[in-house]
2 protein chains.
Amino acid sequence: MPAPRQIFLAVIGTGGVGKCFLNQVQEIAGRLSQNAQAPIYLSLILLARSSKVLRHANYAPIKLSSWESDLSASSAGPLSPSEIADYLAAAPSKVVLVDNTSNQDVADAYPLFLKKGISVVTPNKKGFSGSYSLWQAIYGAAANGYGAGGYVFHESSVGAGLPVISTLKELVETGDEVRRVEGVFSGTMSFLFNSFQPVAGGGGKFSAEVKKAKDLGFTEPDPRDDLNGLDVARKLTILARLSGLPIENPTSFPVQSLIPKELESVATGDEFLARLPEFDADMDKIKAEAEKEGKVVRFVGSIDVPSKQVKVGLEKFDHSHPIAALKGSDNIINFYTKRYGDKPLIIQGAGAGGDVTAMGVSGDLFKVLRLLH
Amino acid sequence: MPAPRQIFLAVIGTGGVGKCFLNQVQEIAGRLSQNAQAPIYLSLILLARSSKVLRHANYAPIKLSSWESDLSASSAGPLSPSEIADYLAAAPSKVVLVDNTSNQDVADAYPLFLKKGISVVTPNKKGFSGSYSLWQAIYGAAANGYGAGGYVFHESSVGAGLPVISTLKELVETGDEVRRVEGVFSGTMSFLFNSFQPVAGGGGKFSAEVKKAKDLGFTEPDPRDDLNGLDVARKLTILARLSGLPIENPTSFPVQSLIPKELESVATGDEFLARLPEFDADMDKIKAEAEKEGKVVRFVGSIDVPSKQVKVGLEKFDHSHPIAALKGSDNIINFYTKRYGDKPLIIQGAGAGGDVTAMGVSGDLFKVLRLLH
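What counts and what doesn't
- Residues numbered from 1 in each chain as written.
- Chains lettered and ligands numbered in written order.
- Predicted model: local features only at pLDDT ≥ 70, side-chain atom pairs only at ≥ 80, totals over all residues.
- Heavy atoms only, no water.
- Least-squares fit on C-alpha atoms with pLDDT ≥ 70 in both.
- Contact = heavy atoms within 4.5 Å.
- pLDDT = per-residue confidence, 0-100.
- Buried area = accessible area lost by both parts, 1.4 Å probe.
- Salt bridge = Lys/Arg side-chain N within 4 Å of Asp/Glu carboxyl O.
- Helix = DSSP H or I, 4+ residues; strand = E, 2+ residues; numbered from the N terminus.
- UniProt positions renumbered as here; feature names shortened; annotations may be inferred.
- Buried < 20%, exposed > 50% of the residue type's maximum accessible area, 1.4 Å probe, protein only.
- Pairing = 2+ DSSP bridges.
- Right-handed = clockwise from strand over helix to strand, strands pointing away.
- Axes fitted to C-alpha atoms, helices over the stretch in contact; angles between N-to-C directions.
- Parallel < 35°, antiparallel > 145°, perpendicular 65-115°, else oblique.
- Left-handed = near helix turned anticlockwise from the far one by under 90°.
- Nonpolar A, V, L, I, M, F, W, Y, C, P; charged D, E, K, R; others polar.
- Core = buried A, V, L, I, M, F, W, Y, C linked by side-chain atoms within 4.5 Å.

Chemist: Would you mind going over the relation of the copies chain A and chain B with me for this structure?
Modeler: Two copies of one chain are present, and they are related through a rotation about an axis combined with an axial shift. Structural alignment of chain A on chain B gives an RMSD of 0.0 Å, achieved by rotating through 180 degrees and translating 0.0 Å along the axis. Taken together, the turn and the small shift mark the pair as related by a two-fold rotation axis. Closest to the rotation axis within chain A is the C-alpha of Ile347 of chain A, separated from it by 2.4 Å. With an isologous cut-off of 70% or more, the 100% of interface residues of chain A that recur at the interface of chain B puts this contact in the isologous class.

Here it is in structure tokens:
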């Protein structure tokens, strides 16, 4: 690969995904620097989390082997996204900013970063699933859109490391006609319904499955943040826009919340969990109705492109349908297109977790490295 | 996309895939030229099939709307790959060669094309599944390998338009540990065994299913070219090499042929089909054995990376296994890796057919266009 000698990396966010990414980058940077034919020197020049920033004079590299303690030891206060943009734009090599937060303020600044020639790689859904004007500003500024700035990639904003966005982009770009996208886009929802109504029969009470999922670490601290369907709605917004639909925002289409009205405003997640069994009869009814039709119920998102319908919620599926047969907390995404006809192109696998999400980010980093040659 | 104004295209092969590709390119070229911000002018400057060549003086573009009649009307004789390479190397813009043949001679010339700065995009398996030295020469010369020449992409050499090779490359590149790759890699074999032993029970005699597949156009003119397993072995060779195993050639690992010894040397495919029923009892025995274990038999390829074992042949699968549940002539590819754990990353869908294969080629063309900016 005829590549540049030196690429700078800036990373915001050091939570679950951020940690995994920094581990992956340590290995990748070592490998790239040792390529005898065309070495690339990938240097971390800025590391930030909400309250702290680590950077050295003259853009000297931050040690990847000791980033955690070095960041903790830093007394430098937080920088705003625009301060970070100014700092990175003045760097003497091309810069890739990796946003491993789920922060709206950082996402709002993507157009600024891109215009300054800084590439952006991120699993953060906020920039691509918020207002349509932000989406347009991002792709309008990016070199892989219509702009002359940095490149932007966000593969892991849907399905973590699964090749969902790249596949959809290629279908559209090569002139296929995407008709329908349908799938299970949440590891939490996948786990809940695969356990609540397995194809083989059985399954527990819905409230018990939610509690089990929380105990296993498969839900947000407050499970309502999964059950409200907004996470899935954000992913659908991204895929619908890539399919050519100008979706205004993730609440501009029907999204079914699994939070009973009466529990929307209880104060804590624990109180919510304690009261959820009161509503098990409602969920059992839904289950029984599906069973009567020889089906199972699953929480899915779908995009019907010709009719411009996007929706998120419960649907019933035959036992032989790939969506019914899903296991564990896997995601599945079905692309129905003109070229593929009645049998969809299917992508399936873990759609959440630090390491596979970070892998999507690392994969995007490689795309940028190739384009920056 | 800040892209070059002008890219030249040369296409060899105008069979099923070639025709579909030329149709796709006509639409794509029109679209790219009309991009107001950064138009790309994609011009076809050479079109060749085994006996004929079409090219105009001074590399003037060949009309995409009338290529078929113009090529037929051309009286220019065939050119050798090295004559084509010389012609393209002297062109005044960057050139992408699209090889839509399954020809070994063209594949043997890839290192030559690449060294001359010509990029290569192809569904032709021959260059990547033949001798290991040819593989090394190709990737040694390519800009996306270690060389300084053109770029090479061959997504559609495995699974047609399905994102199989790009996914495997990303797993390896981002530092995941690929442990096992397993799947159904032939539309013909998929159709045959999904009909011969459906999960739901029933299914016809093996010879009858082969005849049906041939009548539906799902086999090569002589079905033995599918049943010998070599097509699958070539695909496995490619994936194993991408996984890091230096496979010498597609016959250097166990490949089970479904052609009865006695019928290997009969003169014609028709004679083969006429005598195949004599061997139905053998296949029925294999089916019954699987059934006794509550399983179905499928023709699969697998790569076990740690033990360096590659093999192609019949295997038994539980009814609930995704490989057993396959429908029609779909392919399925399971990637088992360290990051994905015990539940694989799965890619599934049509793995043969002119339009989806051509889509893989068109997708690769876009990759090259982005890299040539």
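Chemist: What am I meant to see in the confidence of the model for chain A here?
Modeler: The predicted coordinates ought not to be read in detail in places where the model reports low pLDDT. Taken residue by residue, chain A gives an average pLDDT of 95. The fraction at 70 or more is 99%. In the predicted complex, the global pTM is 0.96; the interface-specific ipTM is 0.96.

Chemist: I'm lost on the interface of chain A and chain B in this one. Help?
Modeler: Where interface size is given, it is often the accessible area lost as the parts come together that is meant. Taken together, the 50 residues of chain A in the interface contact 50 residues of chain B. Interface of chain A and chain B: buried area, both sides summed, is about 3900 Å²; carbon and sulfur atoms make up 56% of it. Counting across the interface, chain A meets chain B through 2 salt bridges. A salt bridge links Arg370 of chain B to Glu173 of chain A; the nearest nitrogen and oxygen atoms lie 3.0 Å apart.

Chemist: Looking at this model, I keep getting lost on unusual backbone geometry. Mind explaining?
Modeler: Of all residues except glycine, most have a negative phi; of all peptide bonds, most are trans. Residue and element names in this part refer to chain B. One non-glycine residue, Asn58, lies in the positive phi region at around 55 degrees. Relative to the assigned elements, Asn58 resides in the loop between strand S3 (52-54) and helix H2 (67-73). Phi at Lys308 is positive, roughly 60 degrees, even though this residue is not glycine. Turning to its location among the elements, Lys308 is positioned in the loop between strand S8 (295-304) and strand S9 (309-318).

Chemist: In this structure, what is going on with the UniProt feature "domain: Homoserine dehydrogenase catalytic" (unreviewed entry) in chain A? I would like to understand it.
Modeler: Summarizing the sequence annotation, UniProt attributes the feature "domain: Homoserine dehydrogenase catalytic" (unreviewed entry) to residues 163-365 of chain A in the numbering used throughout. Across residues 163-365 of chain A, the secondary structure splits into 38% helix and 20% strand, with the terminal C-alpha atoms separated by 14 Å.

Chemist: What am I meant to see in the pairing of strand S2 (residues 41-49) of chain A here?
Modeler: Residues and elements named next belong to chain A. Within S2, 7 of the 9 residues are buried, leaving the element largely enclosed by the surrounding structure. For strand S1 (residues 6-12) and S2, the ladder comprises 7 bridges, and the chain directions are parallel. Within S2, the position partnered with Ala10 by the bridge is Leu46. On the question of chirality, the crossover connecting S1 to the parallel S2 by way of helix H1 (residues 16-33) is right-handed. Bridge count between S2 and strand S3 (residues 52-54): 3 bridges; the pairing is antiparallel.

Chemist: So what exactly am I meant to see when it comes to the pattern of salt bridges here?
Modeler: Residue and element names in this part refer to chain A. Evaluation of the coordinates by the stated rule reveals 38 salt bridges over all chains. Measuring nitrogen to oxygen at the nearest pair gives 3.8 Å for the salt bridge that ties Asp304 to Arg180. Residue Asp304 is located in strand S8 (residues 295-304), and its partner Arg180 is located in strand S7 (residues 178-184); the two are separated by 124 residues in the primary sequence. Here Asp304 falls in the partly exposed class, since its relative accessible area comes to 24%. Using a relative accessible area of 26% as the deciding quantity, one classes Arg180 as partly exposed. We note a salt bridge from Asp231 to Lys235, for which the minimum N-O separation is 3.0 Å. You can see Asp231 and its partner Lys235 sitting in helix H12 (residues 230-242), 4 residues apart, about one turn around the helix. Look at the salt bridges and you will find they share partners, linking Lys125, Asp231 and Lys235 into a network.

Chemist: In this structure, what is going on with the packing of helix H9 (residues 187-196) of chain A against helix H10 (residues 206-215) of chain A? I would like to understand it.
Modeler: Two measures define how a pair of helices packs: the angle their axes make with one another and the distance between the axes. Residue and element names in this part refer to chain A. Axis separation between H9 and H10 bottoms out at 9 Å; the angle between their running directions is 135 degrees. Between H9 and H10, the angle falls in the class oblique. Considering how the two elements wind past one another, H9 and H10 form a crossing that is right-handed. Together, Phe191, Leu192, Phe193, Ser195 and Phe196 of H9 and Phe206, Glu209, Val210, Lys212 and Ala213 of H10 make up the contact between the two elements. Residue classes in the contact of H9 with H10 are distributed as 7 nonpolar, 1 polar and 2 charged.

Chemist: How should I be thinking about the sheet that holds strand S6 (residues 152-153) of chain B in this particular structure?
Modeler: Each strand in a sheet pairs with another by means of backbone hydrogen bonds, the pair being arranged parallel or else antiparallel. Strand order in the open sheet formed by 6 strands is S3-S2-S1-S4-S5-S6 (chain B), with mixed pairing between adjacent strands. Each end of this open sheet is capped by a strand with a single partner; those strands are S3 and S6 of chain B.

Chemist: Where do I start with the nonpolar core in this structure?
Modeler: Grouped burial of nonpolar side chains is what soluble globular proteins tend to show. Ranked by internal contacts, the top residues of the largest apolar core, which has 172 residues, are Leu88 and Phe193 of chain A together with Leu88, Phe193 and Leu239 of chain B. If we ignore the near neighbours within four places in the chain, the residues touching Leu88 of chain B are Ala10, Ile45, Leu46, Val95, Leu97, Phe113 and Ile118 of chain B. Of all hydrophobic cores here, the second largest spans 68 residues; its members include Ile28 and Ile40 of chain A together with Cys20 and Leu44 of chain B.

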